[in-house]
Amino acid sequence: MHAFYDPTRTYEDNLAEGPFGVPADAVATRAGTVPLWGERVTTAFGIPAGPLVGSAACAAAFRAGFDVNVYKTVRTRAHRAHPFPNTLAVHLDGDLTPQTPMPLLADDDWERASSISNSFGVPSADPDVWQPEMARAAAAAGPGQLLVGSFQGTVGSGDGSVESYVADHVVAARLVKETGVRAMEMNLSCPNEGTNRLLCFDAPLVARIARAVKEEVGDVPLVLKLAYFAEDAALEELVAATDGVVDGYAAVNTMPARLVDDAGAQALPGEGRAVSGVCGRAIRWAGLEMTARLARLREHRASRVRLIGVGGVLSVEDRAAYVDAGADVVMSATGAMLDPSLGRAVRSADRV
Ligand SMILES: Cc1cc2nc3c(=O)[nH]c(=O)nc-3n(C[C@H](O)[C@H](O)[C@H](O)COP(=O)(O)O)c2cc1C
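Residues numbered from 1 in each chain as written. Predicted model: local features only at pLDDT ≥ 70, side-chain atom pairs only at ≥ 80, totals over all residues. Heavy atoms only, no water.

Some words on the pattern of salt bridges
Phase 1 of the analysis: All told, the structure shown has 18 salt bridges when counted by the stated rule.
Phase 2 of the analysis: Among the salt bridges present, the one from R298 reaches D328, with a minimum N-O distance of 2.8 Å. On the criterion of sequence distance, the pair formed by R298 in helix α7 (residues 284-301) and D328 in the loop between α8 (316-325) and β15 (329-331) is long-range, its members being 30 residues apart.
Phase 3 of the analysis: Judged by its relative accessible area of 25%, D328 is partly exposed.
Phase 4 of the analysis: Measuring nitrogen to oxygen at the nearest pair gives 2.8 Å for the salt bridge that ties R319 to D350. With R319 in helix α8 and D350 in the segment after α10 (342-349), the pair connects residues that are 31 residues apart, well separated along the chain.
Phase 5 of the analysis: When salt bridges with common partners are traced through the structure, they connect R174, E178 and E216 into a single cluster. (Salt bridge = Lys/Arg side-chain N within 4 Å of Asp/Glu carboxyl O. Helix = DSSP H or I, 4+ residues; strand = E, 2+ residues; numbered from the N terminus. Buried < 20%, exposed > 50% of the residue type's maximum accessible area, 1.4 Å probe, protein only.)

Topic: helix α3 (residues 127-139)
Phase 1 of the analysis: The end-to-end C-alpha distance of α3 is 18 Å, a good match for the 18 Å that 13 residues give at a rise of 1.5 Å each.
Phase 2 of the analysis: Listing the buried residues of α3 in full gives P127, W130, Q131, E133, M134, A137 and A138.
Phase 3 of the analysis: Tucked into the core, α3 has its buried residues touching α2 (55-63), β4 (68-74), β8 (146-151) and α4 (162-178). (Expected span 1.5 Å × (residues − 1). Contact = heavy atoms within 4.5 Å.)

Observations regarding the sheet that holds β8
Phase 1 of the analysis: Here eight strands make up an open sheet; going across it, the order is β3-β15-β14-β11-β10-β9-β8-β4 and the pairing parallel. Each having just a single partner strand, β3 (45-46) and β4 make up the two edges of the open sheet.
Phase 2 of the analysis: The strands touched by α7 within the sheet are β10 (222-226), β11 (248-251) and β14 (306-310), with β14 carrying the most contacts at an inclination of about 170°. (Pairing = 2+ DSSP bridges. Axes fitted to C-alpha atoms, helices over the stretch in contact; angles between N-to-C directions.)

Okay, here's the thing in structure tokens:
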């Protein structure tokens, strides 16, 4: 597992020297035919926020035939990454569900990993640094390709009030828009942010932030990145509060698990890292279920939102299962890291 983001190197090394393990030859680009937010993309398939930490990695993803890619989440000011390592192989047969007995074994045995953990704490450069980088990433999209800029607000911004937190999201969105991206995603679901409740579970606050952001960015499509919702009522409340304001939902982000090494000690070093987000094969069920539930809500509401299905997509067949569940766009982070030819495989399956 070394493609795009190399887990055996630090986040800073990946940013400065990556991407790694991506074939140098480029796919042919052509005008797309698949409609998406007023654009036409070649395939509605790509890499979600995460492995693509800078413009070089985004450009490599486009060259490798991933057509809708997300630049890793940024903030309004510089924020350090958690200590290395940030990504571990997680060993679990089958699905990670709220009933899965904890802890799980996590180590650097990448050879037999189809699920991984990532624990970065959403690092960000200063906007003076990431804005030109994101602009270069957007410019690297060929015909039929689209870059999405991901951002989030920072708890404790300004005077620490809710107003400051809302304002921080608006500033982040404006800074992202200034880079020239033609779509953006607001991360409401980072399990490593250090808050005990994810923002996506606070529907009134999400609605307030989404309205303020949309007012700022106007026509630029805005997607909300969601965690797994155990309760239907909570998901319905979130959609009822934001449908008509936002242009899409992306689900699912990583799912939390307590990770230990083979001696039973905490696998990731440092305070607050006993529990970390798991992605890949073990959470496929959750991404598929969230996509299907969001698709049902969309139909029920006769809504025009677009759905991005994410989680455990390791093959062309997994991608097809997400399309069947109602996804308009499908994305793969762990799968692309395991197999950088997945973008090409999807293009072949779609005969483009
Ligand atoms: C290395 C890595 C870093 C990630 N960083 C982010 C991030 O910055 N923002 C975000 O919204 N999701 C982030 N994610 C979560 C992914 O976007 C995705 O929701 C999750 O990995 C599930 O997809 P997968 O099973 O294909 O990996 C990250 C995932 C990985 C593997």
